[in-house]
Amino acid sequence: MPEPNPGASTATHRAALAFQAALLVAVALAGPPACAQAAARAPRLLVVCAPGYPGSTLEAQPAMDGLAAAITTAAGWKPGELAGIYFENEAAGVARLAAPEATLALVPLNFWLEHGERLRLQPQLQAIPQGGEAAEAWSLVAQKGAVTSPASLAAFELLSLAGNTPRFVRGPALGAWGPLPPELKIVFSGAVLSGLRRAAAGEKVVLLLDRAQAAAMATLPAAPQLEIVARSPPLPVSVLCTIADRLPASRLHQLVERIPSLGDTPVGVEALAGVRLARFVPVDAQALERARTAYARVSN
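Here is a short report on the structure shown in this document.

Analysis parameters
Residues numbered from 1 in each chain as written. Predicted model: local features only at pLDDT ≥ 70, side-chain atom pairs only at ≥ 80, totals over all residues. Heavy atoms only, no water. Core = buried A, V, L, I, M, F, W, Y, C linked by side-chain atoms within 4.5 Å. Buried < 20%, exposed > 50% of the residue type's maximum accessible area, 1.4 Å probe, protein only. Helix = DSSP H or I, 4+ residues; strand = E, 2+ residues; numbered from the N terminus. Contact = heavy atoms within 4.5 Å. Phe/Tyr/Trp six-rings, centres within 6.5 Å; stacked < 30°, edge-to-face > 60°. Pairing = 2+ DSSP bridges. Axes fitted to C-alpha atoms, helices over the stretch in contact; angles between N-to-C directions. Left-handed = near helix turned anticlockwise from the far one by under 90°. Nonpolar A, V, L, I, M, F, W, Y, C, P; charged D, E, K, R; others polar. Arc of directions from axis to C-beta.

### Some details on the nonpolar core
- Membership of the largest hydrophobic core comes to 42 residues, with the highest contact counts inside it found for W112, L158, F168 and L174.
- The element contributing the most residues to this core is helix α5 (residues 109–119), with 5 residues.
- In this view, L174 contacts L140, L158, V169, L180, L208 and A230; residues no more than four positions away in its chain are not counted.
- By size, the runner-up hydrophobic cluster in this structure holds 27 residues, among which are M64, W77, A127 and L240.

### Brief notes about the packing of aromatic side chains
- Using the criterion set out here, one finds 1 aromatic pair in the structure.
- Where W138 meets F168, the ring centres are 5.7 Å apart and the plane angle is 75°; that geometry is what we call edge-to-face. Here the residue W138 occupies a position in the loop between β5 (135–136) and β6 (139–143), and F168 occupies one in helix α6 (residues 166–173), the gap between them amounting to 30 residues. Here the two residues W138 and F168 agree in accessibility, since each one is buried.

### As for the side chain of T165
- When you line up the elements, T165 lands in the loop between β7 (157–160) and α6.
- Once residues within four sequence positions are removed from consideration, T165 is found in contact with N110 and E114.

### Describing the sheet that holds strand β2 (residues 82–87)
- A sheet is described by the order of its strands in space; here 6 strands give the open sequence β2-β1-β3-β12-β4-β13, paired in mixed fashion. Among the strands making up the open sheet, the edge pair consists of β2 and β13 (277–282). Within this sheet the neighbouring strands show an average axis-to-axis angle of 25°, counted without direction.
- As judged from the 4 bridges shared by strand β1 (residues 44–49) and strand β3 (residues 102–108), these two strands associate in the parallel manner. Opposite L46, over in β3, you have L104 as the bridge partner.

### Comments concerning the packing of α6 against helix α11 (residues 285–296)
- Interaxial distance between α6 and α11 falls to 7 Å at its minimum, and their mutual angle equals 115°. Seen from above, α6 lies across α11 with right-handed handedness. Of α11, the residues touching α6 (which contributes R167, F168, G171 and P172) are A291, A294, Y295 and A296.
- Here the residues of the contact of α6 with α11 sort into 6 nonpolar, 1 polar and 1 charged.

### Describing helix α10 (residues 266–273)
- For α10, the full list of buried residues reads G268, A271 and L272. Projected down its long axis, α10 shows its buried positions confined to an angular sector of 95°, all on one face. Across from the buried face of α10, at angles greater than 90 degrees, the exposed residues are P266 and E270.

### Concerning the sheet that holds strand β10 (residues 226–231)
- The strand order β8-β7-β9-β6-β10 describes an open sheet built from 5 strands, whose pairing is mixed. Where the open sheet ends on each side, the last strands, each with one partner, are β8 (185–188) and β10. Averaged over all pairs of adjacent strands, the angle between their axes in this sheet comes to 30°, without regard to strand direction.
- Relative to strand β9 (residues 205–209), β6 runs antiparallel, the two being bridged by 3 bridges. Considered in β9, the bridge of V141 is made with L207.

Written as structure tokens, this is what we have:
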């Protein structure tokens, strides 16, 4: 058996160390792992949350894809840079907005008032619904003669799509009419037709309706037994917000400058129609501040 050669062993060890060093350099030059690169390429996310309105996340996905693609094109972003998702459930929408990929949020005014500060939702544009305006009134509907003042609502139940935020109902929506009695039960509900029938039949029920719902009321057989007893001041309908500082300043400028022209192109019109919008307009900061002030006056 040959004698061991210490010199050869040392040379082999040095060669192995050199190979390892070269390998580390090659890995460093190659960049981050494929999974990290994929994460870096993940699209920004537009989260649309409208609690109580029709449609599910799955049903709305084609409309979300169209809206995200149209916004991407209008803003001059790269194709596929923005994806969209819809939630009709408030808790699910809030959870997704807190995720790091969420960059934009399209939400109703009452949602923004309730969650905007905590989620750092910063309004950039207002959305105009089809056939409507950027600011619209809410209408309180009751059986004719049943409600003569805010105090007369003490034994009533109020149904509304805004019922998930009672502070909105008591503040921005009806605060100017007068303080609502604490006994009034405010219920989150989209069951407008059955609610109007109950009110017309004399039950202790009133409804706070948005513009479209109030306009449709006149077509109902029960309409002659109903009346609008109070209206809110004009309030922004919904806002397109950036989230925290997740959008670079240059991209934010592109967004604010170009998205209002979305309704000027056939593709943009189609995408907006898919979510029942006509266009986006610059945000009315004063109107939002008035709504926030009225909201803050109401205790939890």
